[in-house]
Amino acid sequence: MEIAIRKHDVRSPWRIYAVASIIMLCHMLYGSHAAYKSYYEVLGIKETATFEEIFAAYQKLSEPWYKEEENNEQGIHVAVTSIIEETEALAKANKEEVLDAFPLAKHNDFVPIASRTTILNATNFLSALGSDETWFIQLYSLASTGSQSFADTWERIAESLDGVANLGRVELVEIQLARLLAEKNRATGHPFFRHGLPSILAIPPSCKHLNCLVRYTDKMTYENIADWCATSILKLPRILYYSPQSLVTDVIQNAGPDKIKVIGFSKTGERAAPYFRKAAKDYWQYAIFAFVLWREQDAVFWETRFGVESAPALLFLKDPGVQPVVYHGPMNSSSFGGAMEAHKNHVLPQLRSITAEELGCDATGYSRGGKEVLTWYCVILAGKPGIELSQMRAVLRSVQDDLLRDIDSNEDDGTPVTTAAKAFKEKRLSLTWLDGEKQKQKYCFFLVHSDDVHETCGPKRYGEADNVPKIFLVRYKRDSGEQEVLKEKKWKNIWDVVQEEQEKLASLLVASYNGTMESQKIMSWISQTIKDGDTQDLPNFKVETPALIPEDTITYKKQAAEFFSDKVQKVYYKSTDLRYGFSDVIRDPKLFQIIIVVAALYLSIYYFRPKTNSNTLNSQEDPLSSPSLSNQSEENSTTDNTSSTLLNPQDTLASTKASADLRKRKEVTT
């Protein structure tokens, strides 16, 4: 009878705890909502209520509390907070338009937020998705005070990104599009905005699905958002700030003579605008960019040295000896882009790999006047960088100024112009200079081709003569029917292809200037040479000229920028997404109840599992060592079997088998 009571104690608690756990689980899943009113019931609206109905219910319930504000301030706070909580949760959890908390104020109507950016809807959003350009989209609500206060910041961001990326806005009245762009709670699957409204996201170029959208999660300030757009999404280089001393040593002196210097002055010290940084990416082969923090103690230095009187300002430094170009006052994307295009080259352009075709100094190209011009000229000043070359560049700039003055005087009083001025006006003449040290043993040697070539081209050598710059005039000429002949020919083999490439070249004729370095004599020589080239039957030579060596192999990314690789950035975004997903699951209120149920089940199994009697364990160990004790345990087991038979036949059979096993062990031991 004692064994039967023990077995009943083992089984009964297990059944009780199992049933209790099932009841708790069912209550958690199905019955927990019965104790509370739903959000719809609190507001007194239907589950299919529209945005207007939701907000009207909010106004109706909150209005009485505002009228009694002086009488019961604490009660107002509790009641209105409850109403706002229900309204916000309803909007977020049920995918309606208002996904932001309503303010503690009475609104008769919503003030529209004006903007220059594109209003996106379900129709034109497809043009943004899959576009070759980057899109930045703001999701906002007219009912959100945060969206209202963010309007000025968004307009400033739009101005700084003008011409850099496309900007759009989505008002939450566009329900379907708002659901599409909202974040999804990992636990409930409901759309919501994790950081509230407004929310900003980016659509990278060629993004054709929603998985590649990038969400902004930092502070909603202009500087943070603009830097995120320019650095993380657009991969634009940063523009560094310099002190007056470091600007002279690191930028002006070490940047090289081939690039102009673009320097911005700022009073606030904020980062460069995205359109400024895009210019650093687009014009990195033409210019180097820097920023300076304006300080009053340095004002005299900037004004006397460069003509900068105040900030904000933009400074262009060009050829040595040329007056700097200064723009005072704020600039936008359009005005800055126009200034960059106008001043991207030196006053006397440099002949480089990126400017040869633009200047018309390339045998494979055409004149500045277009393909209709068959004969054109290029004046090239070649020499090693130094004082002599700088002086000769100044002389050639004066020649260029004389040509422009001659053209202007002819337009004013009708006086005849020189042959050189006429060719310059017709865009058949270009003036440029060549860095003989960087273009050593190739293009420069091709032009000079004399015994004293090392005085003009190649690196400087110890003990050699002074730098001797030289001026050359190259005539390019094409035949009138050349293009038609090339179109009619059908090339059959590799030799025909080589001949075709040879036919595409313009014929060359190089003339060298050996006079004094005076602008008037140089201008007269240019006019006479052009006249002879146009009127006389001079020989033509089709020779493939050597390619110009790129002056700068350092890309814009290495000048002043630090980037994460695309792989590292993807890992970062993936880890952030996993962290947010884990946070959503942890914050799910049902998770705590599930943990309680699992813990209760585990404890019930652990503490109420069947326990083995210590006397029985001793009786199973003694037969191996003491025959007398084994006989006694056998008699006890027989007695137990007899008493348990009265209770349960199956237990009696099990006891009989256990006695038989004990006998076999005893025999084996003996």
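On a predicted model such as this, the values are computed, not experimentally measured, just so you know.

Trainee: Help me get a handle on the overall build of the protein chain, residues and values and all.
Mentor: Within the protein chain, the regular secondary structure consists of 26 helices and 16 strands. Within the protein chain, the fraction of its 670 residues that count as buried is 40%. For the protein chain, restricting intrachain contacts to residue pairs at least 6 apart in sequence, the fraction spanning at least 24 positions comes to 73%. Carbon and sulfur atoms provide 54% of the accessible area of the protein chain, an area that totals close to 38400 Å².

Trainee: So, the packing of helix α10 (residues 244-253) against helix α12 (residues 299-306): which residues are in play, and what are the values?
Mentor: At a minimum axis separation of 11 Å, α10 and α12 run at an interaxial angle of 35°. Counting all contacts with α10, which are made through P244, L247, V248 and I252, the residues of α12 involved are F301, W302 and F306. Each residue belonging to the contact of α10 with α12 can be placed in one class, and the counts come to seven nonpolar, no polar and no charged.

Trainee: I'd like a description of the confidence of the model for the protein chain, backed by residues and values.
Mentor: Per-residue pLDDT for the protein chain has a mean of 75; in total, 63% of the residues score no lower than 70. When mean pLDDT is taken per element in the protein chain, strand β11 (residues 313-317) scores highest with 95 and helix α25 (residues 627-645) scores lowest with 44. Overall, residues 90-109 carries pLDDT values under 50, and its contacts beyond four positions in sequence, including any with other chains, amount to 53 contacts. For residues 558-563, every residue scores under 50 in pLDDT, and the model assigns this stretch 16 contacts once sequence neighbours within four places are set aside.

Trainee: Explain the sheet that holds strand β6 (residues 199-203) to me, using residue names and the numbers behind them.
Mentor: The five strands are arranged β1-β3-β2-β6-β7 in an open sheet whose pairing can be described as mixed. Lying at the two open borders of the sheet, with one neighbouring strand each, are β1 (118-119) and β7 (214-215). In the sheet, strand β2 (residues 135-140) pairs with strand β3 (residues 166-171) via six bridges, with the strands oriented parallel. When the bridges of β3 are listed, L139 appears paired with V170.

Trainee: Could you give me a rundown of the state of the cysteines, with the residues and numbers involved?
Mentor: As enumerated under the stated definition, the model contains three disulfides in all. Through a disulfide, C207 is tied to C212; the S-S separation comes to 1.7 Å. Classification of the bridge connecting C207 and C212 rests on its S-S torsion, roughly 85°, and on that basis the disulfide is right-handed. Residue classification places C207 among the buried positions, given a relative accessible area of 3%. Note that C444 is cross-linked by a disulfide to C457, the S-S spacing being 1.7 Å. Torsion about the S-S bond of the C444 and C457 cystine: about -70°, corresponding to left-handed handedness. Here the residue C444 occupies a position in helix α17 (residues 443-448), and C457 occupies one in the loop between α17 and β15 (470-477), the gap between them amounting to 13 residues.

The rules we used
Residues numbered from 1 in each chain as written. Predicted model: local features only at pLDDT ≥ 70, side-chain atom pairs only at ≥ 80, totals over all residues. Heavy atoms only, no water. Helix = DSSP H or I, 4+ residues; strand = E, 2+ residues; numbered from the N terminus. Buried < 20%, exposed > 50% of the residue type's maximum accessible area, 1.4 Å probe, protein only. Contact = heavy atoms within 4.5 Å. Areas by Shrake-Rupley, 256 points an atom, 1.4 Å probe, with all protein chains shown as cover. Axes fitted to C-alpha atoms, helices over the stretch in contact; angles between N-to-C directions. Nonpolar A, V, L, I, M, F, W, Y, C, P; charged D, E, K, R; others polar. pLDDT = per-residue confidence, 0-100. Pairing = 2+ DSSP bridges. Disulfide = S-S within 2.5 Å.

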